[in-house]
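# A structural walkthrough
The residues making up each chain are set out below.
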Amino acid sequence: MLAAIAETFRNCFKIPELKSRILFTLLVLAVCRLAAVVRVPGLNGGALADFFDKHAGTGNSVLGLYSMFTGGALEHCAVGAIGIMPYISATIIIQLLTAVIPTLSKLAREEGGRTKLIQYGRYLTVLLCFGWGFAMALQWENPSKIFGDGIGQLVMYPPSLIWWYRIQTVLVLTTGTMLLMWLGEQITERGIGNGVSLVITIGILARLPQAAVSLKDMFFPSGGVPANFNAAHFIALLFLLAAVIAGVIAITQAQRKVPVQYAQRAVGRKVYSGGTSFMPLRVNYAGVMPIIFAQAILMFPQKIFLFFGHSLTSAGSRGAKLVGDAFTRIAAALNEGAFWYLFLYSLMILFFSYFWVATQFNELQIADDLKKNGGYIPGVRPGVATSEYLHNAMSRITLAGAIFLTIIAVIPIILARIMSIPYPVAQFFGGTSMLIVEQELAFVASLASRVLVMQKGQVVRELGAYSLSEPDVLGVFGAAL
């Protein structure tokens, strides 16, 4: 089987146009990786990188997720430190607004309206980059409050030039994000497609060497320190990894096929014959978005309660200390890995799974389109009955997808916090990284298998034009942070 897969990918390079597109994609992805290592002027990126190397085994919901999506750019104070996430966030906002604002919804259905919405998303990306970049500049001024003690001073400008540092950093980070956005669009137009998705995926895969080193230290620690893990743990991790990969592939590709019957109809002088087709309803319709939304929201309450708890505890009055102690206990309960954190995390994933389906799956429009085109579901009357049937079907299969997402999301937290698995290793056993990488690898594999069938070096038959357009990236990727 592996030989057949290798032969399929070799066949891709026998088509000149496809070969040039693949090489162009690899070249652009290499440029994207440069944005993760070229540092912002005026910052001591080496100090932050050394700090991350020393604390690689500690998981953090903020640092782990953020650094994963930037491909390590955050750790080096690089020009791509805010990554492509502002562009993804802006597109998500535009898409959600399209579902609730009639003007934008009408624009999306008009000719050329999609291009206009993309333009609005780019404008919003610039605004988000300004705010995001300024917040990042302030964080680098006081790194100990965000990353922890032991980093030292990162900003090398004197206090008299602090505003020059802030303005320069905002412009550099904004330019870096817009460059990544443009490179992703170039991959979509001139490469193999899925440009934004590939930029995110290559950033995640770039952390594999760090995960490999952490995995080695788990079983063969340096300095004569006895290992806390043995061969039984290694076998158990292999079985868990295989189970997670199999589950992700099965649930992500799972769909319910709703049969659709089309009646014979006449359009002008042309008569269209009837036929039978099906409507695929994805079990995991929301993709990775519920996990990202839940992580983004739960980042803030724990920090807020901890801040007010420390502030009130240091106050002089007894009442303030009691309230501060209560806030501190709430912050401890919301710490990643705690019971209440996992409970709220699971509930939010379930909620946002249904929320995403409610905002993006328009059963009324689907039923109306079926009725206009002479289609109907056997045994279900067209119109309102069809929309209710689709609503009930999506509600049932969304529950299965939401439970799957919850299990996948909590596995890395349990491994890192409860079983003391290094976070760089644990993050590849589930969560957003596994879902994103699996989706993109599935796209590349399907692209290779659809291109052509080769026999003795000759093209026997072409299975269909390979897809060069970006699919709905928001259903699978994105970071709404």
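Look above for the structure.
Numbers given to residues run from 1 along each chain, matching the order in which its sequence is written. The predicted origin of the model limits local features to residues at a pLDDT of at least 70 and limits the giving and counting of side-chain atom pairs to 80 or more, whereas totals for whole chains, interfaces and linings rest on all residues. Hydrogens and water molecules were not included; the side-chain quantities draw on all heavy atoms of the structure.

### Examining the nonpolar core
Side chains that are nonpolar tend, in soluble globular proteins, to be buried together. Here, nonpolar core means buried Ala, Val, Leu, Ile, Met, Phe, Trp, Tyr and Cys residues that are tied together by side-chain atoms lying within 4.5 Å of each other. Whether a residue is buried, partly exposed or exposed follows from its accessible area with a 1.4 Å probe, protein chains only, as a fraction of its type maximum: under 20%, in between, or over 50%, in that order. Judged by nonpolar contacts, the single largest core of 55 residues is most densely connected at Leu43, Ile84, Trp140 and Leu154. Considering each element in turn, this core owes the most residues, 7 residues, to helix H9 (residues 162-190). By definition, residues are in contact when any of their heavy atoms lie within 4.5 Å. Discounting chain neighbours no more than four positions away, the residues touching leucine 154 are Gly42, Leu43, Asn44, Ala47, Leu48, Cys77, Trp140 and Pro143. Ranked by size, the runner-up nonpolar core spans 31 residues in total, among them Met218, Ile292, Tyr345 and Leu435. For helices the rule is a DSSP run of H or I covering at least 4 residues; for strands it is a run of E covering at least 2, with both sets numbered from the N terminus onward.

### Considering the packing of aromatic side chains
Ring geometry is summarised as follows: Phe, Tyr and Trp rings, the Trp one being its six-membered ring, pair when their centres sit within 6.5 Å, and such pairs are stacked at plane angles under 30 degrees, edge-to-face over 60 and tilted between the two. Considering all chains together, one arrives at 13 aromatic pairs under this definition. Ring plane angle 75° and centroid distance 5.3 Å describe the contact between phenylalanine 339 and tryptophan 340, whose orientation is recorded as edge-to-face. Every member of this aromatic cluster is reached through a ring pair, and the members are Phe219, Phe229 and Phe234. Charge over a ring is defined by NZ of Lys or CZ of Arg lying within 6 Å of the ring centre and within 35 degrees of the ring normal. The positively charged end of lysine 257 is found above the aromatic ring belonging to phenylalanine 278, 4.8 Å away from the centroid.

### Section: the pattern of salt bridges
Salt-bridge detection follows one rule: a side-chain nitrogen of Lys or Arg within 4 Å of a carboxyl oxygen of Asp or Glu. With the rule as written, the count across this model stands at 5 salt bridges. Glutamate 141 is the salt-bridge partner of arginine 166, the closest N and O atoms lying 2.6 Å from each other. Taken together, the positions of arginine 166 in helix H9 and glutamate 141 in helix H7 (residues 113-141) put the pair 25 residues apart, joining distant regions of the chain. Here the two residues arginine 166 and glutamate 141 agree in accessibility, since each one is buried. Aspartate 368 is paired through a salt bridge with lysine 372; the nearest N and O atoms lie 3.3 Å apart. Of this pair, aspartate 368 and lysine 372 both sit in helix H16 (residues 363-372), 4 residues apart, which is roughly one turn of that helix. On the basis of relative accessible area, aspartate 368 is assigned to the partly exposed category, the value being 37%.

### Remarks on the side chain of threonine 125
Mapped onto the elements of the fold, threonine 125 is located in helix H7. Nitrogen and oxygen atoms within 3.5 Å of one another constitute a polar contact, given that in protein one can donate a hydrogen and the other can accept it, and given that sequence-neighbouring residues count only through two side-chain atoms. Side-chain polar atoms of threonine 125 contact the backbone oxygen of glycine 121, separated by 2.7 Å. Non-local contacts of threonine 125, meaning those with residues more than four positions away in its chain, are made with Pro86, Tyr87, Ala90, Thr177 and Met178.

### Focus on the packing of helix H12 (residues 231-253) against helix H17 (residues 384-418)
Packed helix pairs are specified by the crossing angle of their axes together with the interaxial distance, meaning the distance between the axes. Interaxial angles span 0 to 180 degrees and are taken between N-to-C directions of axes, which are lines fitted to C-alpha atoms, for helices over the stretch in contact. Interhelical geometry of H12 versus H17 gives an angle of 155° and a closest axis separation of 11 Å. Between H12 and H17, the interaxial angle falls into the category roughly antiparallel. The way H12 lies across H17 gives a crossing that is left-handed. On H17, the residues that touch Leu240, Val244, Gly247, Val248 and Ile251 of H12 are Phe404, Ile408, Ile411 and Leu415. Three classes are used, and their members are as follows: Ala, Val, Leu, Ile, Met, Phe, Trp, Tyr, Cys and Pro are nonpolar, Asp, Glu, Lys and Arg are charged, and the others, Gly among them, are polar. Here the contact of H12 with H17 is composed, by residue class, of 8 nonpolar, 1 polar and no charged. When an angle is under 35 degrees it counts as roughly parallel; over 145 it counts as roughly antiparallel; between 65 and 115 it counts as roughly perpendicular; any other value is oblique. A clockwise turn of the near helix away from the far one marks a right-handed crossing, whereas an anticlockwise turn of less than a right angle marks a left-handed crossing.

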